[in-house]
Amino acid sequence: MTGADAGREASATADTADATVGDAPADGAAGGAFADAAAGGAPAEGVLVVGYGNALRGDDGLGSHIAARLVEDPRFAGATVVAAHQLTPELAIDVSAASLVILVDASSGDRAGAIVTSRVDPASAGGSASSHHLDPAGLVTLARDLYGAAPAVFVVSVGAASFDLGDRLSPAVERALPDAVEVIAGIVGGHRDA
Amino acid sequence: MTTVYTLRIDGRDVAGSEDATVLDVARENGIDIPTLCHLDGITDRGACRLCMVEITGSNKLTPACMTKIVEGMEVTAHSDRLLEYRRAITEMLFVERNHICAVCVANNHCELQDTAEELGLTHFDLPRISPKVDIDASHRLFSIDHNRCILCLRCVRVCDEIEGAHTWDIMHRGLDTRVQTDMGIPWGESTTCTSCGKCVQVCPTGALFEKGRAVARGSKTRRPFLPWMKVVAEERGL
Amino acid sequence: MTRTIVIDPVTRIEGHSKVTIQLDDRGEVVDAHFHVTQFRGFERITQGRPVHEMPALMARICGICPVSHLVASAKAVDDILAVEPPPTGADLRRIVNLGQIVQSNALSFFHLSSPDLLFGFDADPAVRNILGVARHSPELARDGIALRKWGQQIIEWLAGKRIHPEGIVPGGMATPLTADVRDRILAGVPEAIAAVERAIAWFKSDMLRWEDEAATFGNFRSAFMGLVDRDGNVDHYGGWLRVVDADGKYLADKLDPRLFNDYIGEAVEPWSYLKSTYWKPMGYPDGIYRVGPLARVNVADRMGTPRADEELEKFRWRVGRVAGSSFHYHYARLIDTLHCVEKIEQLLRGPDILSKHVRSFAEINRNEGIGVSEAPRGTLMHHYKVDDDGIVEWVNLIIATGHNNMAMNRSVLQVARSHIKGDTITEPMLNRVEAVIRCYDPCLSCSTHALGEMALRIQLLGPDGTVLHELAR
């Protein structure tokens, strides 16, 4: 964790006491919420964005990089933005409190930098769970079975070039970050207008 | 009577007195030029090279803190090229020593960290030098961790100009350059150090810190005393 | 000819490891090893750092039990400073430590072990996980999540970030407690108690199903070690070491934890990076002992809080004064958790808990310091040596999983002997081997979590190391 960005806790949001960029929980505990839902009427009220992945594994850390950008973006005012190491059962509580959930992850199957959006239907989600983290469908299923929640859930994945040890992104993924933010903003906008 | 010069910085018409530096005038006018070695109350040194600006008519970059303004000067303080240089300079400051923010006493209170963030320095392209560097914890109250020193020489200047002790100075050259106490003896054995702590207060990183401070607890809150002390010193003709 | 079955890595435990099971010609298990295959070297990389950095550096050993390392490390530095934290500072450290144990115990029981207990060790792994628990017993799953969240919030509110908190400092705490935070934590107490009590009631109603497992999951005679206070109650933060044998007879009591080196030896085996500790008076390997929730309830006279003491009494009716089977770690872990919740409430209601005096200051006064506390998985020991300027020269850590290393190996062998026959291994056999390790909730933590699923591999190896048979799921 050498370096300004990775080492700094609460990097982009020094004012937000519980932000935890660059220090994603190793045990998969829910990361700190960057910005909790603000006063009513904010543009992204009821939106939960979880950027997840291992910040020390190259492009796997793109989730927390995107989370850091969203916090700065006025279009996401009022949203709960979380940077997490993995999807953990605790996040089901946050999912159940949201009307729109966007999960942001790195994918190994797609071309580096390619952005793919998919939707998870809470009603039919099955999902799988391994040691103590979940896949997106698993998280949604858990929120449904435990708290009766049925928010709209999107998965935005960005194709990764490298999962090697290190706290930096590959150039292709770095370049794709602004587009990914736009894609997420588009989902939020579409949800608000609907 | 002081003469007032008018000049342009980043296309804005600004003015300053004849003995002002480009950095002074820029700051007075709300134009932010990054720097890690300048500190109000001590003389400028041009050590960090972050405040480099372009001056029309000159083909080389000039440190804003060391450049007196001239009538009709055209200064570019912000450009893509300058941003690139400043990022590179900051990156070099990082790779030259061993900066581990996450477990540093100055985490979240660090000017180097802030600068990297402001400049958008997100990763290093240069290889890390990872030198084996010492810590001197022999002083009863303070320690210096050379791993975190960026050689801004604020400690050297404040100790000489404000405290008048001149305990701090520099030794060796190039990558081996270190700040030193007295003639390179352990700080705790220094006969000139008054243990005033000013060097710790002015240090922009976690290199100089109060002993016993835990990680991220090293905020330096007593800095504003400096300009005031400088004024007092001048009034007394010291 | 000897053949070896390798289970690599073991899933649903923290960190990475593998198991090898050696078979003889007739397919009988002859030996078993639990290997810890990762090495991090914190003892080395902290050399040369100022000792005040140690708590924060040590917290980074692990994202699972950072608070435990923080507490043991801060106590070791206290010892070097020869300073006692003010009483309120010590109590706040206790609360954070207990909050950590609550959330970690909840992870172990509800998230990792309850699928086995709910669906049985023979159940399909596709169902036998947290999602299956949520579908089948949503209240159980919600209780686990709620307890974990409550514990994490305590850490975050009192000590800063949940994962690598920095509020615990040499000499005490960095900041005092506010009334607002106290009240917010207290507000969660009734729900936390109800959640643990529901889990205990379910476990008790169901535990007879697992008599076979209780008989073979590390059911052997050994000593137990844990911290107790001056009245013989469980103490997770301070107090004295007590060591009892399999009959509950004291091997040692009121032992100053700072003298642990006189009593605990460390043996190194070539097949693991994890040192095996042993009770020196009995030698290696006879000095086998266990630590953790089961040891805590076995060594203490009482828990020291009313509800937990009531449950401890029932525990002892069911499984005896000193429970010998590691299967009972689960039951003990629940009682331990109940005690932690009650104790947090007691401490928060203390008259001086909001005192502003939470930190003592001192210079380096000793060249050596030892800090001992109870981590979720058992007794944790930090031992540092520093020069006169407080620069770290030498570090030794004894972690709970090291104390339990011999017991885990013995348990794996026992389970393998009773469940593995012949040279094929089935899913239920495999899961029993893993489940016995999970009883100890071993923390092999490393920051290098695998990407995606942790695959489970079983290999049958010939004596020359060739793979005879491989299974993967």
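Worth saying up front: this structure is predicted, and the values here are computed from it rather than measured.

Conventions we followed
- Residues numbered from 1 in each chain as written.
- Chains lettered and ligands numbered in written order.
- Predicted model: local features only at pLDDT ≥ 70, side-chain atom pairs only at ≥ 80, totals over all residues.
- Helix = DSSP H or I, 4+ residues; strand = E, 2+ residues; numbered from the N terminus.
- Buried ≥ 20, exposed ≤ 12 C-beta atoms within 10 Å, placed from the backbone.
- Contact = placed C-beta atoms within 7 Å.
- Rg over C-alpha atoms; globule rule 2.2 N^0.38 Å.
- Pairing = 2+ DSSP bridges.
- Axes fitted to C-alpha atoms, helices over the stretch in contact; angles between N-to-C directions.
- Parallel < 35°, antiparallel > 145°, perpendicular 65-115°, else oblique.
- Left-handed = near helix turned anticlockwise from the far one by under 90°.
- Nonpolar A, V, L, I, M, F, W, Y, C, P; charged D, E, K, R; others polar.
- Domains from an automatic or database assignment.
- Expected span 1.5 Å × (residues − 1).
- Bend = angle between axes of the 7 residues up to and from the residue.
- pLDDT = per-residue confidence, 0-100.
- Core = buried A, V, L, I, M, F, W, Y, C linked by C-beta atoms within 7 Å.

The subject of this paragraph is the overall build of chain A. Across its full length, chain A carries five helices and five strands. Ordered by position from N to C terminus, the α and β elements of chain A give α-β-α-β-α-β-β-α-β-α. In chain A, which comprises 194 residues, the proportion classed as buried is 59%. Once local pairs closer than 6 in sequence are excluded, the contacts in chain A between residues at least 24 apart make up 72%.

For the rest of this paragraph, the subject is the overall build of chain B. When you go through chain B residue by residue, the secondary structure sums to six helices and ten strands. Here chain B has a C-alpha radius of gyration of 19 Å; the compact-globule value for 238 residues is 18 Å, and the two agree. Based on the C-alpha atoms only, the size of chain B along its principal axes is roughly 50 × 50 × 30 Å. In chain B, which comprises 238 residues, the share counted as buried stands at 42%. In chain B, of all internal contacts separated by at least 6 residues, the share reaching a separation of at least 24 is 64%.

Attention now goes to the sheet that holds strand E7 (residues 142-145) of chain B. One key point about sheets: their strands pair by backbone hydrogen bonds, in either a parallel or an antiparallel sense. With respect to topology, three strands assemble into an open sheet ordered E6-E7-E10 (chain B), the strand pairing being antiparallel. Both edges of this open sheet fall to strand E6 (135-136) and strand E10 (208-210) of chain B, since each of them pairs with a single strand only.

The next thing to look at is the packing of helix H4 (residues 87-119) of chain C against helix H12 (residues 329-348) of chain C. Residue and element names in this part refer to chain C. At a minimum axis separation of 9 Å, H4 and H12 run at an interaxial angle of 150°. Relative to H12, the element H4 lies roughly antiparallel. The two elements H4 and H12 cross, and the hand of that crossing is left-handed. Facing H4, whose interface residues are Asp91, Arg94, Ile95, Leu98, Gly99, Ile101, Val102, Asn105, Ala106, Ser108, Phe109 and Ser113, H12 presents His330, Arg333, Leu334, Asp336, Thr337, Cys340, Val341, Lys343, Ile344, Leu347 and Leu348.

This part takes up the sheet that holds strand E14 (residues 378-386) of chain C. All names here are of chain C. Read across the sheet, three strands follow the order E13-E14-E15 without closing on themselves; strand pairing throughout is antiparallel. The outermost strands of the open sheet, each flanked by one partner alone, are strand E13 (368-375) and strand E15 (392-398). Neighbour-to-neighbour, the strand axes of the sheet open up by a mean angle of 15°, direction not taken into account. Here six bridges tie E14 to E15, and the two strands are oriented antiparallel to one another. Residue pairing in the sheet places His382 in a bridge with Leu397 of E15.

In terms of burial, helix H2 (residues 62-72) of chain A is largely enclosed, as nine of its eleven residues are buried. Residues of H2(A) that are buried in the fold lie against strand E1 (47-52), strand E2 (80-84), strand E3 (100-107), strand E5 (152-159) and helix H5 (171-193) of chain A.

On to unusual backbone geometry, then. Residue and element names in this part refer to chain C. Going from Tyr284 to Pro285, the amide bond is cis rather than trans, its omega being 5°. By secondary structure assignment, the location of Pro285 is in the loop between strand E11 (276-279) and strand E12 (289-290). Not every positive phi belongs to a glycine, and Lys254 is a case in point at roughly 55°. By secondary structure assignment, the location of Lys254 is in strand E9 (residues 250-255).

So, on to the packing of helix H3 (residues 66-81) of chain C against H4(C). Residues and elements named next belong to chain C. Two elements in contact, H3 and H4, have axes whose closest approach is 9 Å; the angle formed by their N-to-C orientations is 150°. Considering their axes alone, H3 and H4 lie roughly antiparallel with respect to each other. Handedness of the H3/H4 crossing: left-handed. On H4, the residues that touch Val67, Ser68 and Val71 of H3 are Arg93, Val96, Asn97 and Gln100. Looking at the contact of H3 with H4, its residues break down into three nonpolar, three polar and one charged.

What follows is about the pairing of E3(A). Residue and element names in this part refer to chain A. Within E3, seven of the eight residues are buried, which leaves it mostly tucked inside the rest of the structure. Looking at chain direction, E1 and E3 are connected through five bridges and run parallel. Paired with Val47 across the two strands is Leu100, which belongs to E3. In this sheet, E5 lies alongside E3 in parallel orientation, the contact comprising eight bridges. Across the sheet, residue Asp105 finds its bridge partner in E5, namely Ser157.

Turning our eyes to something else, we now look at the domain arrangement of chain B. Residues and elements named next belong to chain B. Looking at chain B, the domain boundaries give domain 1 (4-78) and domain 2 (104-235). Between the C-alpha centres of domain 1 and domain 2 the distance comes to 25 Å. Classifying every residue of the side of domain 1 that touches domain 2 by side-chain character gives eight nonpolar, two polar and two charged.

Turning our attention to the environment of A:Gly78. Residue and element names in this part refer to chain A. Residue position: Gly78 is located in the loop between H2 and E2. Owing to 18 C-beta atoms within 10 Å, Gly78 belongs among the partly exposed residues under this scheme. The spatial distance from the C-alpha of Gly78 to the C-alpha of Arg175 is 26 Å, given a sequence separation of 97 residues.

The next subject is the environment of C:Leu81. All names here are of chain C. Mapped onto the elements of the fold, Leu81 is located in helix H3. For Leu81, a count of 22 C-beta atoms within 10 Å gives the class buried. The spatial distance from the C-alpha of Leu81 to the C-alpha of Phe109 is 38 Å, given a sequence separation of 28 residues. If we ignore the near neighbours within four places in the chain, the residues touching Leu81 are Pro170, Gly171, Ala362, Ile364 and Asn365.

All names here are of chain C. Among the nine residues that make up E14, eight are buried, leaving the element largely enclosed by the rest of the structure. Summarising the sheet, E13 and E14 pair through eight bridges and their orientation is antiparallel. Bridge pairing in E14 places Val372 opposite Met381. Between E13 and E14, which pair antiparallel one after the other, the connecting turn spans two residues.

All names here are of chain A. If you check H5, its first and last C-alpha atoms are 34 Å apart, about what 23 residues at 1.5 Å a residue would give, namely 33 Å. The largest bend along H5 measures about 40° and falls at Leu177, with the proline Pro178 one to four residues further on. Along H5, the residues classified as buried are Val173, Ala176, Ala180, Val181, Val183, Ile184 and Val188. Buried positions along H5 lie against E1, H2, E3, strand E4 (115-120) and E5.

The next point concerns the confidence of the model for chain B. This prediction gives chain B a mean pLDDT of 91; 93% of its residues lie at or above 70. This prediction of the complex comes with two scores: 0.84 for pTM and 0.80 for ipTM.

The nonpolar side chains of a soluble globular protein tend to be buried with one another. A:Val49, A:Val50, A:Val95, A:Ile184, B:Cys155, C:Ile335 and C:Val412 are the most contacted members of the largest nonpolar core, which totals 247 residues. Leaving out residues up to four positions away in the same chain, A:Val95 has contacts with A:Leu48, A:Val101, A:Leu139, A:Val140, A:Ala143, A:Ala149 and A:Pro151.

Residues and elements named next belong to chain B. Tracing the sequence through the fold places Thr6 in strand E1 (residues 4-9). By the C-beta count within 10 Å, which is 13 here, Thr6 ends up partly exposed. Along the primary structure Thr6 and Glu74 are separated by 68 residues, whereas in three dimensions their C-alpha atoms are 9.8 Å apart. Setting aside its immediate chain neighbours within four residues, Thr6 contacts Asp13, Ala15 and Glu71.

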